[in-house]
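Architecture at a glance
The lines below spell out each chain.
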Amino acid sequence: MKILVTNDDGVFTDGLQALVKELKKIAHVVVVAPDREQSAIGTAVTLHQPLRVRRVRPVVPEVDTYSVEGTPSDCVILALSTLVEDKIGMVVSGINQGANLGDDVFISGTVAAALQGYFRGLHALAISIEAAGSHYLDTAAGLAALLVKWLDSSVVPNNAFLNVNVPDLPLAEIRGVKITRLASQTHIDTAREGNDGKGKYYWLVRHRADKSTDNQTDVWAIGQGYISVTPLHADLFNRSAPAIPGNLSSDLLQRLRQHQR
Ligand code: MN
C-alpha cells in the first residue's frame, strides 16, 4: 500500500520525519507537504494563484518528497490528482506539534489535510502530540503505524477519518487509549492588545487545553494522560458518532508498548 504523508508544520520538521521513518517500515510512503509552517490554516485551498511544487531532498532516505508552496489541503489534492502516479491508499497527516482538540479541529491544517483524503474515499488519520518540541514523537509515530495497520486490515467497513492526540508523556506513563468525541470548546478565544506607536493591534492567543469534566471528550482524555482517538465525520449534519468496530482501544496501548521495545 502507498501512504501519503503530509502535515501543516512544514515538510522539514521533526514530527513529519518521525512519522515517515516509522510508516516506511510497513508501507510505501510518499511525502507531499507545505514548504512552510501552515498551522491554523484550516481547510483553506489556493485557488487564486499558481501552486509551485519542488521535488526536494527526501525527509527519510528513498522516500519521494515534494514541497508545495501551498496549504495542507492543496498538498493532498495535488498528490491524489496529479503528483503521485501510484494509487494512494491512505492519508496520514502529522505528527503535529501541538494538540488538535475540540472545536479547534476546524482550524487545524493537520486535520484538514486528512479530511481531503477522507472526502476522496480513503482512510485518513490526523495525529498530533500535545506539546511542541515533544521528546516523545517516536511514541506517536509507533501509534500511527499501528493504526495504519489496523485500518488496512479491513475490519473497518467504510473509510475512517480519525483524529488522534497523544499526551506529552513517556510511554510508561500513558494510561490507555480512549475513543472520544470532540469537546465543545476552543483554545483560541482571547486576544492580547498591544500598541507599537502606529496604533493599537491585537494578537489572538492560543492557550493550553482546558480541563474537561466530560469523560467522553478528547480534551478530558488528554488531560488525564490517555491517548485520544476521535472518529470524525466529514459532514456537519448532526448525527451519532461513527462506530469504531472491534476492540481498538482495549489492547492498543499494550501493543504500542510491545511495538516500541
Ligand atoms: Mn501545526
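Right, let's walk through the structure included here.

**Brief notes about the pairing of strand 6 (residues 123–129)**
Within strand 6, seven of the seven residues are buried, which leaves it mostly tucked inside the rest of the structure. Across the two faces of strand 6 the burial is the same, with His 123, Leu 125, Ile 127 and Ile 129 and Ala 124, Ala 126 and Ser 128 all buried. The pairing of strand 5 (residues 90–97) with strand 6 spans seven bridges and is classified as parallel. Note that in strand 6 the partner of Gln 97 across the bridge is Ile 129. Between the parallel elements strand 5 and strand 6, the chain passes through helix 3 (residues 109–119) in a crossover that is right-handed.

**Quick word on the coordination of the manganese ion**
Four donors placed tetrahedrally about a metal ideally form angles of 109.5 degrees, and six donors placed octahedrally ideally form angles of 90 or 180 degrees. Those protein atoms acting as donors to the manganese ion are Asp 8 (OD), Asp 9 (OD), Ser 39 (OG) and Asn 96 (OD1), and they sit at 2.0 to 2.2 Å. Judged by relative accessible area, Asp 8 falls into the buried class, the value being 2%.

**Things to note about the environment of Ala 191**
Within the secondary structure layout, Ala 191 lies in strand 9 (residues 190–195). Sequence separation of Ala 191 and Trp 203 is 12 residues, and the distance between their C-alpha atoms is 5.4 Å. Excluding its chain neighbours within four sequence positions, the residues that come into contact with Ala 191 are Trp 203, Leu 204 and Val 205.

**What to know about the packing of helix 4 (residues 137–152) against helix 6 (residues 252–259)**
The interhelical angle for the contact between helix 4 and helix 6, taken along N-to-C directions, is 115°, at an axis separation of 10 Å. Seen along the crossing, helix 4 lies across helix 6 with a hand that is right-handed. Contacts between helix 4 and helix 6 involve Thr 139, Gly 142, Leu 143, Ala 145, Leu 146 and Leu 147 from the first element and Leu 252, Arg 255, Leu 256 and His 259 from the second. In terms of residue class, the contact of helix 4 with helix 6 is made up of six nonpolar, three polar and one charged.

What counts, and where the lines are drawn
- Residues numbered from 1 in each chain as written.
- Predicted model: local features only at pLDDT ≥ 70, side-chain atom pairs only at ≥ 80, totals over all residues.
- Heavy atoms only, no water.
- Buried < 20%, exposed > 50% of the residue type's maximum accessible area, 1.4 Å probe, protein only.
- Helix = DSSP H or I, 4+ residues; strand = E, 2+ residues; numbered from the N terminus.
- Pairing = 2+ DSSP bridges.
- Right-handed = clockwise from strand over helix to strand, strands pointing away.
- Donors = N, O, S within 2.8 Å, 3.2 Å for Na, K, Ca; no water.
- Contact = heavy atoms within 4.5 Å.
- Axes fitted to C-alpha atoms, helices over the stretch in contact; angles between N-to-C directions.
- Left-handed = near helix turned anticlockwise from the far one by under 90°.
- Nonpolar A, V, L, I, M, F, W, Y, C, P; charged D, E, K, R; others polar.

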